[in-house]
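Examining the three-dimensional arrangement
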Amino acid sequence: MRTHNNDTVTSLGSRLKIEIFQKKLTSPGGIAALLLVAVGAGFLAANDLFLVPFIIAGALFGITIIYYVFFKPLIGYYIITFISFFIFFPSHLVGRDLPGSTGIELLIFFLFLGTFLSVKTNAEKKSNLLKTAISIALLCNILFFIVQAFNPNVPALTAWTPSFKRFIIYFLLYICAYRLIDTPEKFRYFVRFWIVFSFITAAYGCFQQWFGYLPMEIRYIQSTPGEYDLLFQGGQLRKFSFLSDVVSFGILSGSMSIFTLIIAAHEKEKKRRYRLIFFSLIMILGMAYSGTRTTNILLPAGMAIYGFITIQNKATLMALFISVMVVMFIMFAPIYNPTIERIRSTFDSKEESLNLRDRNRHFIQPYIHAHPLGGGVGTSGVSGAQLFPTHPLAGFPPDSGLLTDALEIGWIGLAFTVLFNLIILYQGIYYYFRMKTKEYKMYTVAILATLFPIIVAQYAQVTVGQIPGAIFYFSVLALMKRLKEFDEAESSPAASLVAD
């Protein structure tokens, strides 16, 4: 009897799968089901239960996403990435912050489980990723973060727990990207996906600049005390597109513009090259419209390391020359508007906000020297004022990723961060010069030129950790190893014999 029931359930599940995923509910049975749902929704709305259909629809949508994350994890990875680009946009429309980040973290955890349920990996290569220098450095940082749970300078784990959870989630994402994107075709799709959605995000930021914020977005800005004054700089509002804040938008647009521009420089097909250059220009405009002065160093830093690694190429010399000319034009051309003035103020030694940050750094140095483990996670800035109001660091504005580390996890933690950044550069450059396939070398140097400016920008902003940029950051850290494996497979004697 139990076997008969199991067969019935299996048969019903198979029929539902065929109706939904193959026939797309276009069969008579599917249409009847949709009519039934419509009548039911109308009945509930007529009885003042209009929220119930939306709750049910949301639940069905969530179940569908979890299905793909578990059983089709590659599709699930891109669903999660797609959601991460737009997860904050509903908050802008309804005028209040919604807990979207927690949902993304939960989906990434499910994705990690899904990769072990659905992805088959060669047994000999399962541990290859964790043997790399970047993986070892990441694990060391995780271990040091665990040590921070016992930091005597912070009275509770209120801020440590969510920070540690996010750290672990990003490490799981790092593993997921390596396991899922395991062929050159999948990597090329990854590149196209990120370029297209970064372009869409930058284009919407340009829309906000050229046509103004939507009324709902203005209400969202005004709903937070002091937010409007913070965004209104130089006679105009800074732009954040679909993302959570102007810094996340500026960093994403600026770094992805470098990634796109380098790929365009190596593209042989003219139409595709011009399209990529156009995408890159829109991203650069989005970066400028964010009004985040830190991002103005991204393009010069990215092109500098690209030139350093590939200086022997004529295309590199031409790209560097054009970049220098563009920078000179922006800095010295007799053109004046709020966006250009904001960019120029980045390098103005008389800018009061920059001098204030320098004074703050000098003021807090004795505390850093006296606390090798720092004051504790989440004890500085606004979070410190809210969670630990009596702590010496509470309310102190770090305004920098590196200074935040020095204050909260101490100069030992800062040393771990700096070492991790150096290892990223070392492993990427090492891979580049060991590779033989031009395409994979190009992707590797593009990744390095994208990551290096983010690393440099940590001096002035918290540039790592915000979605969707964090998804790209931790994914490409793992995918550099994949690119090396692709190159080894295609450059091996066996591959050469097959080609012959």
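Once a new chain begins, its residue numbering starts again from 1 and follows that chain's sequence as written. Only residues with pLDDT of at least 70 are given local features in this predicted model, and only at 80 or more are side-chain atom pairs given and counted; all residues enter the totals for whole chains, interfaces and linings. To obtain the side-chain values, all non-hydrogen atoms of the structure were included, while hydrogens and water were left out.

Glancing now at the overall build of the chain. Within the chain one finds 23 helices and 2 strands. Here the chain holds 500 residues, and the buried ones make up 46% of them. Once local pairs closer than 6 in sequence are excluded, the contacts in the chain between residues at least 24 apart make up 75%. A helix here means a DSSP run of H or I that spans at least four residues, while a strand means a run of E at least two residues long, and both kinds are numbered starting from the N terminus. Type-normalised accessible area, obtained with a 1.4 Å probe on protein chains alone, sets the label of each residue: buried when under 20%, exposed when over 50%, and partly exposed for intermediate values. In this description, contact between two residues means that some pair of their heavy atoms is separated by no more than 4.5 Å.

Moving on, we come to the nonpolar core. We define a nonpolar core as any set of buried Ala, Val, Leu, Ile, Met, Phe, Trp, Tyr and Cys residues linked to one another through side-chain atoms lying within 4.5 Å. Formed by 111 residues in total, the largest nonpolar core has its most connected members in Y77, Y174, F187, F190, W194 and L477. Look past the residues within four positions of Y174 in its chain and what remains in contact with it is L129, T132, I134, S135, L138, F474, L477 and A478. I364, Y367, L393 and A406 belong to the second-largest nonpolar core, a separate cluster that totals 8 residues.

By definition, a salt bridge exists where a carboxyl oxygen of Asp or Glu is found within 4 Å of a side-chain nitrogen of Lys or Arg. Taken as a whole, this structure holds 9 salt bridges when the rule is applied. The closest approach of N and O atoms between R166 and E105, which form a salt bridge, is 3.3 Å. Pair noted here: R166 is in helix α8 (residues 160–180) and E105 is in helix α6 (residues 100–118), with a separation of 61 residues, a long-range link. The exposure class of R166 is partly exposed, given its relative accessible area of 32%. The class for E105 is buried, based on a relative accessible area of 9%.

In this analysis, axes come from line fits to C-alpha atoms, helices being fitted only over the stretch in contact, and the angle between any two N-to-C directions falls in the range 0 to 180 degrees. One can describe the packing of helix α21 (residues 438–457) onto helix α22 (residues 469–491) by two numbers: an axis separation of 10 Å at closest approach and a directional angle of 160°. In this view, α21 runs roughly antiparallel relative to α22, as classed from their interaxial angle. Considering only the axes of α21 and α22, their crossing is left-handed. Taken together, the residues of α22 that come into contact with α21 (itself represented by Y440, Y443, T444, I447, L448, T450, L451 and I454) are F472, Y473, V476, L477, M480, L483, F486, D487 and E490. What sets the label is the angle itself: under 35 degrees gives roughly parallel, over 145 gives roughly antiparallel, 65 to 115 gives roughly perpendicular, and the rest give oblique. Handedness of a crossing is defined here by the sense of rotation of the near helix relative to the far one, left-handed for an anticlockwise turn of less than a right angle and right-handed for a clockwise turn.

Planes of paired rings set the category: under 30 degrees apart is stacked, over 60 is edge-to-face and the rest tilted, where pairs are Phe, Tyr or Trp rings (Trp by its six-membered ring) whose centres lie within 6.5 Å. In total, this model carries 49 aromatic pairs according to the counting rule given. Ring centres of F171 and Y174 lie 5.9 Å apart, and the angle between their planes is 25°; this geometry places the pair in the stacked category. Of this pair, F171 and Y174 both sit in helix α8, 3 residues apart, roughly one helical turn. For the pair formed by F171 and Y174, the shared burial category is buried. Directly above the ring of F116 sits R179, whose terminal nitrogen or CZ lies 4.3 Å from the centroid. A ring is considered to have a charge above it if a Lys NZ or an Arg CZ atom is located within 6 Å of its centre and within 35 degrees of its normal. When the ring centre of Y459 is taken as reference, the NZ or CZ atom of R361 above it lies at 4.6 Å.

Counting through the fold element by element, T310 comes out in the loop between α14 (298–309) and α15 (314–332). Assessed through its relative accessible area of 1%, T310 is described here as buried. A polar contact is formed between the side chain of T310 and the backbone oxygen of Y306, at a distance of 2.7 Å. In this view, T310 contacts T316, Y432 and V445; residues no more than four positions away in its chain are not counted. Polar contact is defined as a pair of N or O atoms within 3.5 Å, subject to the rule that within protein one atom must be able to donate a hydrogen and the other to accept it, and that residues adjacent in sequence are counted only when both atoms are side-chain atoms.

We now examine helix α9 (residues 184–211). Expected span of a helix, by definition, is 1.5 Å for each gap between consecutive residues, and there is one gap fewer than residues. The terminal C-alpha atoms of α9 lie 40 Å apart, and with 28 residues this matches the ideal 40 Å at 1.5 Å per residue to within 8%. Looking one or two residues beyond α9, the residue adopting positive phi is G212, at roughly 95°.

A few words on the environment of I195. Structurally, I195 is set in helix α9. I195 gets classed as buried once you look at its relative accessible area, which sits at 4%. When the C-alpha positions of I195 and S257 are compared, they lie 8.5 Å apart, and in sequence the two are 62 residues distant. Non-local contacts of I195, meaning those with residues more than four positions away in its chain, are made with M256, F259, T260, I263, L276, F279 and M283.

In this model, α21 (20 residues) spans 29 Å end to end at C-alpha, consistent with the 28 Å of a helix rising 1.5 Å per residue. In terms of burial, α21 is a largely internal element, 16 of the 20 residues being buried.

Note that the residue after I467, namely P468, is joined by a cis bond; omega there is 5°. Mapped onto the elements of the fold, P468 is located in the loop between α21 and α22. A positive phi angle, near 55°, is found at S241, a position not held by glycine. Among the secondary structure elements, S241 is positioned in the loop between β2 (236–237) and α12 (246–265).

Below, the discussion takes up the packing of helix α4 (residues 73–86) against α9. The geometry of α4 relative to α9 is characterised by a closest axis approach of 11 Å and an angle of 15° between their N-to-C directions. Taken together, α4 and α9 sit at an angle that is classed as roughly parallel. Once α4 is placed against α9, the crossing between them reads as right-handed. Facing L74, Y77, Y78, T81, F82, F85 and F86 of α4, the residues of α9 in contact are K186, Y189, F190, F193, W194, F197, S198 and T201. Residue classes in the contact of α4 with α9 are distributed as 11 nonpolar, 3 polar and 1 charged. Each residue gets one label: Ala, Val, Leu, Ile, Met, Phe, Trp, Tyr, Cys and Pro are nonpolar, Asp, Glu, Lys and Arg are charged, and the others, such as Gly, are polar.

Let us now look at a nonpolar patch on the surface. Candidate patch residues must exceed 30% relative accessible area and have no salt bridge, after which like charges are joined if within 9 Å and Val, Leu, Ile, Met, Phe, Trp or Tyr side chains if within 5 Å. For accessible areas, the Shrake-Rupley method is used with a probe of radius 1.4 Å. Any residue's cover is judged against the shown protein chains and nothing else. A surface patch of nonpolar side chains, about 430 Å² in accessible area, is lined by F207, W210, F211 and L285. Within the secondary structure, F211 sits in helix α9. Judged by relative accessible area, F211 falls into the exposed class, the value being 63%.

Tracing the backbone shows Q208 in helix α9. When its relative accessible area of 0% is taken as the criterion, Q208 is described as buried. In this structure, Q208 is in contact with Y213, E217, K239, F240 and S241, ignoring residues within four places of it in sequence.

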